[in-house]
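Fold and geometry: a report
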Amino acid sequence: MPRRFNFDAASALSKGCRSYQEDSVIADYSRGSDVGLAVLADGMGGHAAGDVASKIVVTEVFSELMFQRCDPELFEREITSRLTEAAMAANACLRDHVRAHPETHGMGATLVATVIMNRRLYWISIGDSPLFLFRNGVLRQLNEDHSMAPQIDFMVRNGLMEAEEARNHPDRNILTSVLFGESVPQVDCPDEPVPLEAGDILIVASDGLQFLTDEEIAGVLNDHAHASSADIADRLMERVSGLDDPELDNVSFSLVKLDDAVELKLPGDSEIRKDDLRRVG
């Protein structure tokens, strides 16, 4: 049986410079649990539509994953199909909502849903909300970006566009896949999980966090690597707010630090986690 992780997790949301919040995020990293979950959605469609869309997606996907984790062994065997089914069920809920409320036509949301179990990371993502892994001082995005940005960056690498033009291109943030009650052209749900290590930090975020560059995010994580997840979340939000950018979008993320659970052997070879001793002692 793989050694358990201790989860140190925190979530944060900010409206940025928008007048309303269209992001939703929920996570569950219960102490002693073998499974950790985080689900985030970035809504679109304006006030009272994007907000509703993100809540529908997060609620539907999270509730299904919470139900599935009751049987971890079966869940992991079928996890790719279970993640996909949860996402498509959320998409169907959006379709039903729009049919019942035609004024919300055009509403939709991105999705990132992560599952940590047996020291492995599984996910499904649709849209441009990033999933980051920070390991040994290096930050990398694990999931696909379903927007025009990768294609525009490809043009820069091949000398077809200047870097400055690419950074400010009006089509850069156009999504190529999203949940909006219709067919979903792109889904990122790898069959093979990413093995996780003690010391890793995972961030499930909306694209508002990417007002910071990857280097700036990594700088905060490196500077505060030994701080709690709540402290790191505060530092990231302070850094984003410090940009003083009038175009700052909603910012939301769930951040979890992973460390090995410390186990103590007591007489009789019974094993008990140190956290459990602290809780009952």
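Residues numbered from 1 in each chain as written. Predicted model: local features only at pLDDT ≥ 70, side-chain atom pairs only at ≥ 80, totals over all residues. Heavy atoms only, no water.

Considering all chains together, one arrives at 1 aromatic pair under this definition. Taking the centre distance of 5.1 Å and the plane angle of 55° together, the rings of Phe7 and Tyr29 count as tilted. Residue Phe7 is located in strand S1 (residues 5-14), and its partner Tyr29 is located in the loop between strand S2 (23-28) and strand S3 (35-44); the two are separated by 22 residues in the primary sequence. Of the two residues, Phe7 and Tyr29, neither departs from the other in class, the shared state being buried. (Phe/Tyr/Trp six-rings, centres within 6.5 Å; stacked < 30°, edge-to-face > 60°. Helix = DSSP H or I, 4+ residues; strand = E, 2+ residues; numbered from the N terminus. Buried < 20%, exposed > 50% of the residue type's maximum accessible area, 1.4 Å probe, protein only.)

So, on to the packing of helix H1 (residues 50-68) against helix H3 (residues 79-100). In contact at an axis separation of 9 Å, H1 and H3 are set at 145° when each is read in the N-to-C sense. In this structure, the crossing between H1 and H3 has a hand that is right-handed. The segment H1 lies against H3, with Val52, Ala53, Ile56, Val57, Glu60, Val61, Glu64, Leu65 and Gln68 engaging Arg82, Leu83, Ala86, Ala87, Ala89, Ala90, Cys93, Leu94 and His97. Tallied by class, the residues present in the contact of H1 with H3 amount to 13 nonpolar, 2 polar and 3 charged. (Axes fitted to C-alpha atoms, helices over the stretch in contact; angles between N-to-C directions. Left-handed = near helix turned anticlockwise from the far one by under 90°. Contact = heavy atoms within 4.5 Å. Nonpolar A, V, L, I, M, F, W, Y, C, P; charged D, E, K, R; others polar.)

This next bit is on the nonpolar core. Val39, Val57, Val61, Leu65, Leu83, Leu111 and Val115 are the most contacted members of the largest nonpolar core, which totals 32 residues. The contacts of Val57, once residues within four sequence positions are left out, are Ala41, Ala90, Leu94, Ala109, Thr110, Leu111 and Leu179. (Core = buried A, V, L, I, M, F, W, Y, C linked by side-chain atoms within 4.5 Å.)

This brings us to the pattern of salt bridges. When the charged atoms of two side chains with opposite charge come close together, those side chains can pair. Tallied over the entire structure, the rule returns 14 salt bridges. Between Arg77 and Glu73 there is a salt bridge whose closest N-O contact spans 3.4 Å. Pair noted here: Arg77 and Glu73 are both in helix H2 (residues 72-77), with a separation of 4 residues, about one helical turn. The class for Arg77 is exposed, based on a relative accessible area of 58%. Since its relative accessible area comes to 58%, Glu73 is described here as exposed. We note a salt bridge from Asp200 to Arg135, for which the minimum N-O separation is 2.7 Å. With a gap of 65 residues between them, Asp200 in the loop between strand S9 (194-195) and strand S10 (201-205) and Arg135 in strand S7 (residues 131-135) connect regions that are remote in the sequence. One exposure class covers both Asp200 and Arg135, and it is buried. If you follow the salt bridges from partner to partner, you end up with Glu78, Arg82 and Glu85 in one network. (Salt bridge = Lys/Arg side-chain N within 4 Å of Asp/Glu carboxyl O.)

Here the focus is the confidence of the model for the protein. Summary statistics for the protein give a mean pLDDT of 90 and a share of 92% for residues scoring 70 or more. With pLDDT under 50 throughout, residues 269-281 is counted as low confidence; its partners more than four residues away or in other chains account for 22 contacts. (pLDDT = per-residue confidence, 0-100.)

A word on unusual backbone geometry. In this model, Asn118 sits at a positive phi of 50°, which is unusual for a non-glycine residue. Structurally, Asn118 can be placed in the loop between strand S5 (111-117) and strand S6 (120-126). Positioned with a positive phi, Arg119 is a non-glycine residue whose angle comes to about 60°.

Let's shift gears to the sheet that holds S7. Ordered by their spatial adjacency, 5 strands build an open sheet running S1-S11-S10-S7-S8, and the pairing between neighbours is antiparallel. Of all the strands in the sheet, just S1 and strand S8 (138-141) have a single pairing partner and so form its edges. Averaged over all neighbouring strand pairs, the angle between strand axes comes to 20°, with direction disregarded. Docked against the sheet, helix H6 (residues 214-223) engages S7, S8, S10 and strand S11 (251-260), running at close to 50° with respect to S7. (Pairing = 2+ DSSP bridges.)

Its location among the elements puts Asp23 in strand S2. For the buried Asp23, no salt bridge is present, and the opposite-charge side chain at shortest range is Arg18, 9.0 Å distant. Polar contacts involving the side chain of Asp23 include one to the side chain of Ser252, which spans 3.0 Å. Beyond its immediate sequence surroundings of up to four residues, Asp23 is in contact with Leu13, Ala41, Asp42, Gly43, Ser54, Ser206, Asn250, Val251 and Ser252. (Lys, Arg positive; Asp, Glu negative; His and termini not counted. Polar contact = N/O pair within 3.5 Å; in protein donor to acceptor, adjacent residues only side chain to side chain.)

Below, the discussion takes up the state of the cysteines. In this structure the tally under the stated criterion is 0 disulfides. For the unlinked cysteine Cys70, the closest cysteine sulfur is that of Cys93, found at 19 Å. Residue Cys70 is classed as exposed on the basis of its relative accessible area, which comes to 66%. The closest cysteine sulfur to the non-disulfide-bonded Cys93 is located on Cys189, 18 Å from its own sulfur. Exposure remark for Cys93: the relative accessible area of 27% places this residue in the partly exposed category. (Disulfide = S-S within 2.5 Å.)

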